[in-house]
Amino acid sequence: MFLKKHFTIIGLACVLSVPAVDAGAEGFAINEWSAEGVAMGGARMFAENDAANIAYNPASITKVRGEAFKQSAVYISPHGKYTAYDATGKPIDEGKNVVHAGWAPGNYYVKQLNDKDWIGVGLFSRFGMISEFERDSKVASNAFFSRLNGASLTPTYARKFDNKWSAAVGAEVNYVGLELQKNALGIIPTQTKGESWALGWNAAANYAFDSKNEIGLVYRSKVTHSMEADFKAYMVNGMSIKRDAYGKVTLPDSWAIGYNHKFDDRTRVELNGTYTKWSTYDALNITFDDKFLGQSGSYSQKNWSNGWRYALGVEHKLSDKYTIMGGYAYDESVIPFDGADFIVPTGARRTYSLGFQYHDKKQTLAMTLGFIDIDGLSIKGHMGDTYDTARSHDNYAKVVGISYQRNF
C-alpha cells in the first residue's frame, strides 16, 4: 500500500508538470488514456481485466479480477502550418507552430471487494492543449502561446447487480492550469496565467444481452472553474504592468455510448460514439481589477457547437499471451469561423492506430503507434488582430503509447 500511495503521488506530479497537447480529440479534449485505448481508436469501453476502464467506462471496472494497478504514458507530437491574409485576400504572413511534444500520463488502481462490489481511482487528463507561434508573427496579436494543463482524479465505486447489469458512479476532482500570451495592439507582449480546482462527477452503466453482445453508457458532468489569474504586460520602455485578473473556464459535459461484439473468445470489435457539449464554451472572458490600455478585460466570443467523436476498435488474441489491436476514429469540427483563434487552430481529425499487448497472469505490457490527420481551420481576425483572416493547414500528429499493468 505504501508503494501504491507514493506511485499515485508521483503520477499526479507528472500530470501537473507536463503539458498535454491539443491533438487528441476535437476542441481541447484528450482521450489518450492508455496505450490500448489509443490502439483501438478510443473504443475501449469493454476491455477485460483493464484498470484503465476507470477512464473509458467506469462500469467496466467490474471486469477486473482481484486487484490491479496500471500506469500509462502516451507521447503526442503535433505539427502544423498557417497562412494569414489581409482584407483583399493577399497572403501577408506564413509560419508553423513551434512543436511542443507532450506526454499524457495515466494512473489507475482497481480493487475487487467481493463478487458484487469494486472500487477504484484514476488519475489522468481529460482536457489539455498547447500551441505556440513566433512572437513577431502576424498571428501573435491573437495568440502566440497557449497552454491548458488538466488533471482529473476520479474515485469510483462500481456494482455488478447480476450477469447482465453493472453500474458505477464517481466523483471528479479536476485541476486546470491556464496560460495565455499574445501581443496587445500587435506590439505589447502580455501574459495571463492562473490555476483552479473544481468538482464534477460521472456515472456509467453496462448491459449484456448475452455472452457476445454488450452496450454501455457513460456520462461525465461539466466542470466550471472560477479562476484567479495574474496578468502582465511588458511595455516597449522595458517596464511591466501587472493586474489581478478573473475569469471562468467551463469544461463541457459529455455522453459516450458503446457497443461490444465478441465473435469468439479471441476476437472482438467495439463501436463508440461520444457527444461533447462544446456549446458550454461560449466565451473566454477575463476581467482586470484595474483597466489596461483603457480596457477592463479581454473578451472573446467562441460559440462552439456540440460535436461527435466516432471510434471503431478491433482486438484479436494471437495466443494466450499476445494480442494485436487496431483502431480508427473521426472527430467532427466544432469551431466556427468567427469563433476560431490560434489557441486551438485545428479542424476535424482522423486517427489511425495499431498496437500489441503481452499479458500473463501477473502483468500486461502494451505498446501502440498512431497517426492523427488533422484538417485545417479558417480563422476570422478580431479587433486588435493584425490580419483579416487566416487558415491553418498541413496539420498532423504522431502518437506513441506504452502501458504497464500489474495484477495482485
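One can find the structure itself at the top, above this paragraph.
Just so it is clear, the structure is predicted and the values come from calculations on it, not from any experiment. (Residues numbered from 1 in each chain as written. Predicted model: local features only at pLDDT ≥ 70, side-chain atom pairs only at ≥ 80, totals over all residues. Heavy atoms only, no water.)

A. Geometry of the overall build of the protein. Across its full length, the protein holds three helices and 21 strands. Dimensions of the protein along its principal axes, counting C-alpha atoms only, are 70 × 40 × 30 Å. Taking the intrachain contacts of the protein between residues at least 6 apart in sequence as the baseline, contacts between residues at least 24 apart amount to 68%. Summed over all atoms, the accessible surface of the protein reaches about 17800 Å², with 59% contributed by carbon and sulfur. Looking at the protein, you have 44 positive and 43 negative side-chain charges, and the mean spots of the two groups are 5 Å apart. (Helix = DSSP H or I, 4+ residues; strand = E, 2+ residues; numbered from the N terminus. Contact = heavy atoms within 4.5 Å. Areas by Shrake-Rupley, 256 points an atom, 1.4 Å probe, with all protein chains shown as cover. Lys, Arg positive; Asp, Glu negative; His and termini not counted. Charge placed at Lys NZ, Arg CZ, Asp CG, Glu CD.)

B. Examining the nonpolar core more closely. The biggest cluster of nonpolar side chains holds 41 residues, and the ones touching the most others in it are Phe28, Trp304 and Phe342. Only strand S1 (67–85), strand S7 (165–184), strand S8 (188–208), strand S10 (223–234), strand S11 (240–251) and strand S14 (283–292) provide two or more residues apiece to this core. With five residues, the top contributor of residues to this core is S10. Discounting residues that sit within four places of it in the chain, Phe342 has contacts with Tyr82, Ser131, Phe133, Val139, Asn142, Ala143, Ser146, Ile379, Tyr387 and Ala390. Counting 22 residues, the second-largest nonpolar core is a separate cluster that includes Ile54, Ala55, Tyr56 and Trp118. (Core = buried A, V, L, I, M, F, W, Y, C linked by side-chain atoms within 4.5 Å. Buried < 20%, exposed > 50% of the residue type's maximum accessible area, 1.4 Å probe, protein only.)

C. Just the pairing of S11, in detail. Bridge count for S10 against S11 is 12 bridges, and the pairing is antiparallel. Bridging from a neighbouring strand, Thr224 pairs with Thr250 of S11. What sits between the antiparallel neighbours S10 and S11 is a turn of five residues, in which Gly238 has the positive phi angle 90°. In this sheet, S14 lies alongside S11 in antiparallel orientation, the contact comprising three bridges. Looking across to S14, one finds that Tyr246 is bridged to Thr287. (Pairing = 2+ DSSP bridges.)

D. Main features of the side chain of Asn407. In this structure, Asn407 sits in strand S21 (residues 389–407). A distance of 2.9 Å separates polar atoms of two side chains, one belonging to Asn407 and the other to Gln405. Excluding its chain neighbours within four sequence positions, the residues that come into contact with Asn407 are Asn49, Glu67, Ala68, Asp360, Lys361, Lys362 and Gln363. (Polar contact = N/O pair within 3.5 Å; in protein donor to acceptor, adjacent residues only side chain to side chain.)

E. Representation of the pattern of salt bridges. Considering all chains together, one arrives at 17 salt bridges under this definition. When the shortest N-O distance is used, the salt bridge between Glu48 and Lys63 registers 3.6 Å. Taken together, the residues span a long stretch of sequence, with Glu48 in the loop between helix H2 (35–39) and helix H3 (53–56) and Lys63 in the loop between H3 and S1 at a distance of 15 residues. Using a relative accessible area of 41% as the deciding quantity, one classes Glu48 as partly exposed. A salt bridge links Asp341 to Lys302; the shortest N-O distance between them is 2.2 Å. One end of the pair, Asp341, is in the loop between strand S17 (322–331) and strand S18 (349–359); the other, Lys302, is in the loop between strand S15 (295–301) and strand S16 (307–317), and 39 residues separate them in sequence. Overall, the relative accessible area of 2% leaves Lys302 in the buried class. Each of Glu36, Arg44, Asp50, Lys70, Arg268, Glu270 and Glu315 takes part in one network of salt bridges that share partners. (Salt bridge = Lys/Arg side-chain N within 4 Å of Asp/Glu carboxyl O.)

F. Focus on the side chain of Ser166. Along the polypeptide, Ser166 turns up in strand S7. There is a polar contact of 3.4 Å between the side chain of Ser166 and the backbone oxygen of Ala59. In this structure Ser166 touches Ala59, Thr62, Arg159, Lys160, Phe161, Ala204, Ala205 and Asn206, once residues within four positions along its chain are discounted.

G. Quick peek at a negative patch on the surface. On the surface, Glu228, Asp230, Asp244, Asp289 and Asp290 cluster together into a negatively charged patch. For the negative patch, the secondary-structure elements that each account for two or more residues are S10 and S14. Classification of Asp244 by relative accessible area gives partly exposed; the value is 47%. (Patch = residues over 30% accessible without salt bridge, like charges linked within 9 Å, V, L, I, M, F, W, Y side chains within 5 Å.)

H. Examining empty space enclosed by the protein more closely. Evaluated as defined, the whole model comprises five cavities of 30 Å³ or more. In terms of lining, the largest cavity is formed by 27 residues, of which the most central are Asn31, Trp33, Ser254, Thr274 and Thr276. Elements with a contribution of two residues or more to the lining of the largest cavity: H3, strand S9 (213–220), strand S12 (254–262), strand S13 (267–276) and S16. (1 Å grid on protein atoms, 1.4 Å probe; cavity = no way out; pocket = protein on both sides within 12 Å on 5 of 7 lines; lining within 4 Å. Points joined across faces, edges and corners; volume = space filled by probe spheres on them.)

I. How the structure looks around unusual backbone geometry. Phi at Leu185 is positive, roughly 55°, even though this residue is not glycine. Relative to the helices and strands, Leu185 is located in the loop between S7 and S8. Of note in this structure, Leu293 is not a glycine but carries a positive phi near 55°. Summarising the element assignment, Leu293 is placed in the loop between S14 and S15.

J. Expanded view of the packing of aromatic side chains. A full pass over the atoms with the stated rule returns 27 aromatic pairs. Look at Tyr275 and Trp308: their rings are 5.2 Å apart centre to centre, the planes differ by 45°, and that puts the pair in the tilted class. Remark: Trp308 occurs in strand S16 and Tyr275 occurs in strand S13; sequence separation between them is 33 residues. An aromatic cluster of at least three residues, connected via ring pairs, comprises Phe28, Phe127, Trp278, Tyr281 and Trp304. (Phe/Tyr/Trp six-rings, centres within 6.5 Å; stacked < 30°, edge-to-face > 60°.)

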